[in-house]
Amino acid sequence: MKDFIAISDYSSDEIKDLLDVAVKLKKEYFKKGNKKLLKGKVLGMIFQKPSLRTRVSFDMAMRHLGGDALYLSPSEIGLGKRESIADVARVLSGYVQGLMARVFEHEHVLELAKWSDVPVVNGLSDYNHPCQGMADALTIIENFGKKSKGLNISYVGDGNNVTVSLMHVSALLGWNVTVGTPEGYDVNPAAVEIAKAIAVKTGSKLSFVRDVHEAVKGAHVIYTDTWTSMGQEEEAAKREKVFPPYQVNAQLVSEADKDVIVMHCLPAHRNQELTDDVADGEHSVIFQQAHNRLHAQKAILARLFDVA
Ligand code: CP
Ligand code: NVA
């Protein structure tokens, strides 16, 4: 495992193993603090877009494990603009022991990994958000237990990068996935084909629907995300007209399983895709989910650096 670019690059067993490591490191952290597994290692963090959770949780994950992290802002690096991605990768490989990159185009993180001698972690691209997907799976397992096979995961809203990673991790773990999107905002078709191939092996059922009420029927998890992702800002007004029927509100939640959990990767646009009462209500696990970024990423780092 050199890089962590997409959840679908891994097998069901590898993803389950990563989740086991995350559970172990989380327990250890709260009991007596983590062992300094990454002493002397520095993670270079390249950000082409803003971040709260990804930036802070990676920085803290490195510190808790005895290492360090270096934040590199968009204006400093100018990835592919001031300097080619291949040159940035080769230069940084001599300074830091690992890289995490949040980019616009997925090809850019692939290019970085191709030229880098050190492990590269995808901290979100236009295609996917694999670290988020791992934290989401950890959260779902914490709420439903390890025998979670057959769970119904419903994602409603924009079929975006977060949807891709949720769909792939769910398919790998044998969970059923229903995606409810308006026309024109479907999930990346190539990612759907990958999910279908995984589902054949794991027995997971995949459905793609337009009707939001049909999407949440029998759901154990309702997941939503922003209607306008980073980089799509000029489409915001148009999107705000299309997506209101897909809002996760108390009425929609009441149509799901009675023990449904409500998830959102955050940042949330409250009272757009998710109403305040639901975000702060009894079904919401959004902060547990945000906190699990820390623990899931420790597992990814420990495995990439081959110390756990
Ligand atoms: N969920 C997530 O990736 O949050 P940030 O954009 O704040 O990192
Ligand atoms: N889909 C969102 C996720 C933010 C964490 C975006 O790409 O902006």
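As a reminder, the structure under discussion sits directly above these lines.
What this report covers is the structure whose coordinates are included nearby.

The rules behind these values
Every chain begins its residue count from 1, and numbering advances along the sequence as written. Key to labels: chains lettered from A, ligands numbered from 1, both in the order written. Reporting in this predicted model follows two pLDDT cut-offs: at least 70 for local features of residues, and 80 or more for side-chain atom pairs to be given and counted; totals over whole chains, interfaces and linings ignore these cut-offs and use all residues. Side-chain measures here rest on the full set of heavy atoms in the structure, leaving out hydrogens and waters. Relative accessibility under 20% of the residue-type maximum defines a buried residue, over 50% an exposed one, and the middle range a partly exposed one, all with a 1.4 Å probe and only protein chains included. Helix and strand assignments come from DSSP, with helices taken as H or I runs of at least 4 residues and strands as E runs of at least 2, each series counted from the N terminus. Note: the arc covers the axis-to-C-beta directions of the helix. Any pair of residues with heavy atoms lying within 4.5 Å of one another is described as a contacting pair. The convention used is that axes are lines fitted to C-alpha atoms, helices contributing only their stretch in contact, and that angles between N-to-C directions extend from 0 to 180 degrees. Note on terminology: angles under 35 degrees are roughly parallel, angles over 145 are roughly antiparallel, angles of 65 to 115 are roughly perpendicular, and the others are oblique. Put simply, a crossing is left-handed when the front helix is turned counterclockwise from the back one by less than a right angle, and right-handed when it is turned clockwise. Here, proximity means that at least one heavy atom of the residue falls within 4 Å of the molecule or strand. Polar contacts, as used here, are pairs of N or O atoms within 3.5 Å; protein pairs need one atom able to donate a hydrogen and one able to accept it. Residues neighboring in sequence count only if both atoms are side-chain atoms. Only the protein chains shown count as cover for residues, with accessible areas throughout obtained via the Shrake-Rupley method and a probe of 1.4 Å. Only Phe, Tyr and Trp rings take part, Trp by its six-membered ring, and two of them pair if their centres are within 6.5 Å. Stacked means planes under 30 degrees apart, edge-to-face means over 60, and tilted covers everything else. Pairing between strands is defined by DSSP: at least two bridges between them are needed.

## Quick word on helix 4 (residues 85-92)
Alright, step 1. Within helix 4 the residues assigned to the buried category are Ile85, Ala86, Val88, Ala89 and Leu92. Buried residues of helix 4, viewed axially, fall in a sector of 165 degrees; they line one side.
Alright, step 2. Where helix 4 is buried, its residues meet strand 1 (42-47), strand 2 (68-72), helix 3 (74-77), strand 3 (98-102) and helix 5 (106-115).

## Observations concerning the packing of helix 4 against helix 5
Alright, step 1. In contact at an axis separation of 8 Å, helix 4 and helix 5 are set at 45 degrees when each is read in the N-to-C sense. As the angle between them shows, helix 4 and helix 5 are arranged oblique. Both helix 4 and helix 5 take part in a crossing whose hand is right-handed. Here Ile85, Ala86, Ala89 and Arg90 of helix 4 lie close against helix 5, whose contacting residues are His108, Glu111, Leu112 and Trp115.

## Structural notes on the environment of Ala191
Alright, step 1. For Ala191, the location among the structural elements is in helix 8 (residues 189-202).
Alright, step 2. For Ala191 and Ser8, which are 183 residues apart along the polypeptide, the C-alpha to C-alpha distance reads 9.0 Å.
Alright, step 3. Those residues in contact with Ala191 that sit more than four places away from it in its chain are Tyr127, Val164, Met167 and His168.

## A word on the environment of Pro74
Alright, step 1. Its location among the elements puts Pro74 in helix 3.
Alright, step 2. Residue Pro74 is classed as partly exposed on the basis of its relative accessible area, which comes to 35%.
Alright, step 3. Each C-alpha atom of the pair Pro74 and Ile194 lies 31 Å from the other, and the pair is 120 residues apart in sequence.

## Overview of the site of ligand 2
Alright, step 1. Taken together, Leu124, Asn160, Asn161, Val162, Asp225, Thr226, Ser229, Met230 and Leu266 make up the full set of residues near ligand 2.
Alright, step 2. Here a nitrogen atom of ligand 2 sits 2.7 Å away from a polar atom, N or O, in the side chain of Asp225.
Alright, step 3. Between ligand 2 and Ser229, the relevant distance is 2.8 Å, taken from a nitrogen atom to a side-chain nitrogen or oxygen of the residue.
Alright, step 4. Isolated, ligand 2 exposes 270 Å² of accessible area, and the fraction of that covered by the protein chains is 95%.

## Some thoughts on the packing of aromatic side chains
Alright, step 1. Summed over all chains, the structure comprises 7 aromatic pairs.
Alright, step 2. Geometrically, the ring pair formed by Phe4 and Tyr10 is stacked, given 5.6 Å between the ring centres and 25 degrees between the ring planes.
Alright, step 3. You can call Tyr10 buried: its relative accessible area is 11%.
Alright, step 4. Taken together, a centroid distance of 5.0 Å and an interplanar angle of 65 degrees make the contact between Tyr29 and Phe30 edge-to-face.

## Section: the sheet that holds strand 8 (residues 221-224)
Alright, step 1. Ordered in space as 7-6-5-8-9, the 5 strands form an open sheet in which the pairing is parallel. Pairing within the sheet leaves two strands with one partner each, and these edge strands are strand 7 (206-209) and strand 9 (261-264). Here the strands of the sheet are splayed against their neighbours by 20 degrees on average, with no regard to which way each runs.
Alright, step 2. Pairing of strand 8 with strand 9, which is carried by 4 bridges, proceeds in the parallel orientation. Bridge assignment links Ile222 to a residue of strand 9, and that residue is Val262.
Alright, step 3. Across the sheet, helix 7 (residues 161-172) lies against strand 5 (152-156), strand 6 (176-180), strand 7 and strand 8, angled at about 170 degrees from strand 5, the strand it touches most.
Alright, step 4. Its contacts with the sheet place helix 13 (residues 286-304) against strand 8 and strand 9, and it is angled at close to 50 degrees to strand 9.

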